[in-house]
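# Breakdown of the fold
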Amino acid sequence: MTDDPVPIETRLSEPEYYRPPPSFVGQANVTDPTVFDEFDQFPEGFEAYAERLDWDERWDTVFDGSDPPYFRWFTGGRLNAAHNCVDRHLEEYAEKTAFVWEGEPGDCRRLAYQDLYREVNEFAAALRAVGVEEGDVVTLHLPMVPALPISMLACARLGAVHSEVFGGFSAPALADRIADADSRHLITIDGYYRRGEFLQHKRKADDAREQLDDDVDAVLVWTREDDLHPATELTERDVLVGDLLAVHRGDSVDPVPRASTDPLFLMYTSGTTGKPKGAQHGTGGYLSYVTGTTHSLFDIHPTDTYWCFADIGWITGHSYIVYGPLANAASSVLYEGAPDHPHRGRVWEIAEKYGVDIFHTSPTAIRLFMRWGESHLEPYDFDFKHLTSVGEPIQPEVWRWYYDHVGGGDSVVIDTWWQTETGGVVLSNLPALADMKPGYVGRPMPGISAAILDDDGAELEAGSGQAGYLVLDRPWPGMLQTLQGDDERYIEEYWADFSDLDSDDWRDWVYKAGDSAVEAADGYFRVLGRIDDVMNVAGHRLGSMELESVIVEVPDVAEAAVAARDHPEKGQVPDAYVVLREDAEAGAEVREAVREAVATDIGKFARPDHVTVVDSLPYTRSGKIMRRLLGEISNERPLSDTTTLEDPAVPERIREQVSGE
Ligand code: PRX
């Protein structure tokens, strides 16, 4: 557990409820409240999700908890994810739009299920031709272009495990993830558009390869336009996807039936140590969970146009742009670019153009829209019946703005809490079954058992007003299987604090989310944020230690600590505190070197605005940095207990240094 005490919650002042509009309730997919009782028949309740898929062989055991915490779902079953997302829809929905893609400059492309089928098959044939086999890990480093879902599904079709690295990650971050997963194949693209500029994306793949001890066997290069961008250079290991596809035109590849427990993909995420961890998701449990929750929560019907305005490079996109929506034969919008390019109405222009009626985004985006003001929405004619939010706590005033100005006061607004590790949403109100309450994410989803524990592991009662550790105390099919190559860390990060580690009864195992939360008397949860050294920067998850390990590589820096500062739009931003080597000079240069190191080694989205040079960091007597105190300084809050520090005067000195800047 962390050294930091869990903060005591002060309740939101006026609890207010908003009814879902009758017009929404009348058409909703799930309107029967007994769904909760059905799913509480553990584990059989979850079969209802698995039944929504096509299985090559049906499972013989719903849940195998015999080797905790390695929980296995739908064992004995076999299925293929690409078949479930594409092939099985052809009979009824061949002509239905799977994705309509809007490029930032305004070019667009519609992919019907029939088109997606063809593209996935041809690319799967191409992958096989370059040596990709069932069980191999294929690394993808792709932005928001159709090539990304096509590549994911082509891997899934072959039974290869994809590991998509968010396009904004830099070359060293990509290299780390390729090496950690022991991946022999890399898929990239020449470039893409961002704020009007064509970014030379493939250069990151070239630089990443230079850093690998063991080079990949092949790099497959998609092109943003028909032809390779003239500035893109190819090396001897690069293969142009267009050349491969020319050979495999019209090819089809039988989907490889995978055991339900075989991995489908890896998704690297940040934790409390410097090294990112590869969350491994299985095939049957994960796909069942995202398919079921897409149906019940996003409430997609055949006639709807759904837009999850997020990046496929993070878990939100995997679960609720690619796998969940496609398994439900949804029609979705994909957008390549920035929300303000070439103008601030871009998002609403796209919503109007394609008739989007279900819209999903993050509080960071909503706060940005809020800052731009209502007037930027006015020229556009859109009509959403269903709005959702994910990734960070949504403040009540932000919720209300979303409800009033984006939803027009007559749509449902759903907050959804979950994590890379949970695979799908685990806390949220089913839209037709509960009143909305701004600032509260809602109750656990069907079949999910959540609780809030104090430092000693005792459960805090609903309505106690006290915040504690948010835990999930019963397994669910969407949960991660382990961390890539690191079972020990899997136990340490999620299970060690509140489980009986010697027990082989799954009931003694409790998953710690790493967030603090409070449960109101009505059973609604309010999530307050991370209580470990992980922050959430504009919806991107970053570990303090991950940033620190990059910063200490700057030649003039001896020690570094990173704390989160609250930010009105991004939610949080990292503040860096550094101690310099004796001969180094404090000044603008070293601060810029720190910022640049983070941008180069992790990505521009992680770059700290504030870098403060200090004499010493607040170490405890046992040698741990108390980042909590730095967070208090960054946020201009009073300092909490400093008595366990080696030198209790350090935080005050740092505060003076910050205010003297
Ligand atoms: O702190 C919580 C926050 O995002 C973390 C998970 O980040 P990641 O694995 O990148 O997945 C993000 C998208 C699912 C959580 O530990 N978080 C996510 N959703 C919410 C949230 N915090 C408050 N409210 C939410 N709705």
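On a predicted model such as this, the values are computed, not experimentally measured, just so you know.

The next subject is the overall build of the protein. Assigned secondary structure in the protein consists of 20 helices and 30 strands. The principal-axis extent of the C-alpha atoms belonging to the protein is close to 70 × 60 × 60 Å. Considering only intrachain contacts with a sequence separation of at least 6, the fraction spanning at least 24 residues in the protein is 70%.

Next up on the list: the domain arrangement of the protein. In terms of domains, the protein is made up of domain 1 (32-306 + 324-338 + 474-483) and domain 2 (538-659). Taking only C-alpha atoms, the centre of domain 1 and the centre of domain 2 are 36 Å apart. Across the contact, 12 residues belong to domain 1 and 12 residues belong to domain 2. Residues of the side of domain 1 that touches domain 2, tallied by class, amount to four nonpolar, eight polar and no charged.

Right, let's get into the site of the ligand. Around the ligand sit 23 residues, and of these Trp417, Gln419, Thr420, Val527 and Arg541 come closest. Of all the secondary structure elements, the ones that give two or more residues to the shell around the ligand are α12 (315-327), β20 (412-416), β24 (511-519) and β25 (525-530). Split by residue class, the shell around the ligand holds nine nonpolar, nine polar and five charged.

Taking the numbering used here, the UniProt-annotated feature "domain: AMP-binding enzyme C-terminal" (unreviewed entry) corresponds to residues 546-624. Structurally, residues 546-624 comprises 25% helix and 32% strand, and the distance from its first C-alpha atom to its last is 16 Å.

With mixed pairing, the eight strands of this open sheet are ordered in space as β12-β11-β8-β6-β7-β14-β15-β23. Of all the strands in the sheet, the pair left with one neighbour each is β12 (238-240) and β23 (482-483). As paired strands, strand β7 (residues 161-164) and strand β14 (residues 263-269) are joined by two bridges and run parallel to one another. What sits directly across from Ser163, in β14, is Leu266.

UniProt's feature table lists "domain: AMP-dependent synthetase/ligase" (unreviewed entry) at residues 87-475, given in the numbering used throughout. Spanning residues 87-475, this segment combines 31% helix with 22% strand, and its end C-alpha atoms are found 30 Å apart.

What follows concerns the nonpolar core. Judged by nonpolar contacts, the single largest core of 191 residues is most densely connected at Val120, Val426 and Ile551. The two domains that each donate at least three residues to this core are domain 1 (32-306 + 324-338 + 474-483) and domain 2 (538-659). For Ile551, the contacting residues outside a window of four places in its chain are Val557, Ala560, Ala576, Val578, Val594, Ala597 and Val598.

With that out of the way, let us pick up the packing of helix α6 (residues 113-129) against helix α7 (residues 147-158). The interhelical angle for the contact between α6 and α7, taken along N-to-C directions, is 65°, at an axis separation of 8 Å. Crossing handedness for the pair α6 and α7: right-handed. Touching Glu119, Val120, Phe123, Ala124, Leu127 and Arg128 of α6 are Ile150, Ser151, Leu153, Ala154, Cys155, Arg157 and Leu158, all from α7.

The next subject is the pairing of strand β11 (residues 218-222). Across the five residues of β11, four count as buried, placing the element largely inside the fold. Bridge analysis of strand β8 (residues 185-189) against β11 gives five bridges, and the strand direction is parallel. Looking across to β11, one finds that Leu186 is bridged to Val219. Two strands pair when backbone bridges link them, and β11 and β12 are joined in this way by three bridges, in the parallel orientation. Looking at β12, one finds that Val221 is bridged to Leu240.

Time to look at the sheet that holds strand β17 (residues 331-335). Across the sheet, seven strands lie side by side as β5-β4-β17-β16-β18-β19-β20; this open sheet has mixed pairing. Unpaired on one side and paired on the other, β5 (108-112) and β20 mark the two borders of the sheet. With strand direction ignored, the average angle separating the axes of adjacent strands in the sheet is 20°. Contacts from helix α13 (residues 346-354) reach β4 (97-102), β16 (305-308), β17 and β18 (358-361) within the one sheet, and its direction differs from that of β17 by about 150°.

In this section: the pairing of β14. In terms of burial, β14 is largely enclosed, as seven of its seven residues are buried. Relative to strand β15 (residues 277-282), β14 is paired through six bridges, and the arrangement is antiparallel. Across the sheet, Leu266 pairs through a bridge with Gln280, a residue of β15.

This next bit is on the packing of α6 against helix α10 (residues 241-248). Their axes nearest at 9 Å, the elements α6 and α10 cross at an angle of 105°. When the axes of α6 and α10 are compared, the pair comes out roughly perpendicular. Contacts between α6 and α10 pair Glu122, Phe123, Ala125, Ala126 and Ala129 from the former with Val241, Leu244, Leu245 and His248 from the latter.

What follows concerns the confidence of the model for the protein. Residues at a pLDDT of 70 or more form 98% of the protein, whose mean pLDDT is 95. Across residues 1-11, where pLDDT falls below 50, the model places 24 contacts with residues more than four positions away in sequence or in other chains. The ipTM, which scores confidence in the relative placement of chains, is 1.00 for this predicted complex, and the corresponding pTM is 0.94.

Glancing now at helix α14 (residues 363-372). All buried positions along α14 are accounted for by Pro363, Thr364, Ile366, Arg367 and Phe369. Downstream of α14 by a residue or two, Gly373 has a phi angle that is positive, lying close to 90°.

Moving on, we get to the environment of Arg224. Within the element layout of this structure, Arg224 appears in the loop between β11 and β12. Using a count of 22 C-beta atoms within 10 Å as the deciding quantity, one classes Arg224 as buried. Residues Arg224 and Pro638, 414 residues apart in the sequence, show an inter-C-alpha distance of 51 Å. Leaving out residues up to four positions away in the same chain, Arg224 has contacts with Val145, Ile189, Asp190, Gly191, Tyr192 and His229.

Conventions adopted
- Residues numbered from 1 in each chain as written.
- Predicted model: local features only at pLDDT ≥ 70, side-chain atom pairs only at ≥ 80, totals over all residues.
- Helix = DSSP H or I, 4+ residues; strand = E, 2+ residues; numbered from the N terminus.
- Contact = placed C-beta atoms within 7 Å.
- Domains from an automatic or database assignment.
- Nonpolar A, V, L, I, M, F, W, Y, C, P; charged D, E, K, R; others polar.
- Near = placed C-beta within 6 Å.
- UniProt positions renumbered as here; feature names shortened; annotations may be inferred.
- Pairing = 2+ DSSP bridges.
- Core = buried A, V, L, I, M, F, W, Y, C linked by C-beta atoms within 7 Å.
- Buried ≥ 20, exposed ≤ 12 C-beta atoms within 10 Å, placed from the backbone.
- Axes fitted to C-alpha atoms, helices over the stretch in contact; angles between N-to-C directions.
- Left-handed = near helix turned anticlockwise from the far one by under 90°.
- Parallel < 35°, antiparallel > 145°, perpendicular 65-115°, else oblique.
- pLDDT = per-residue confidence, 0-100.

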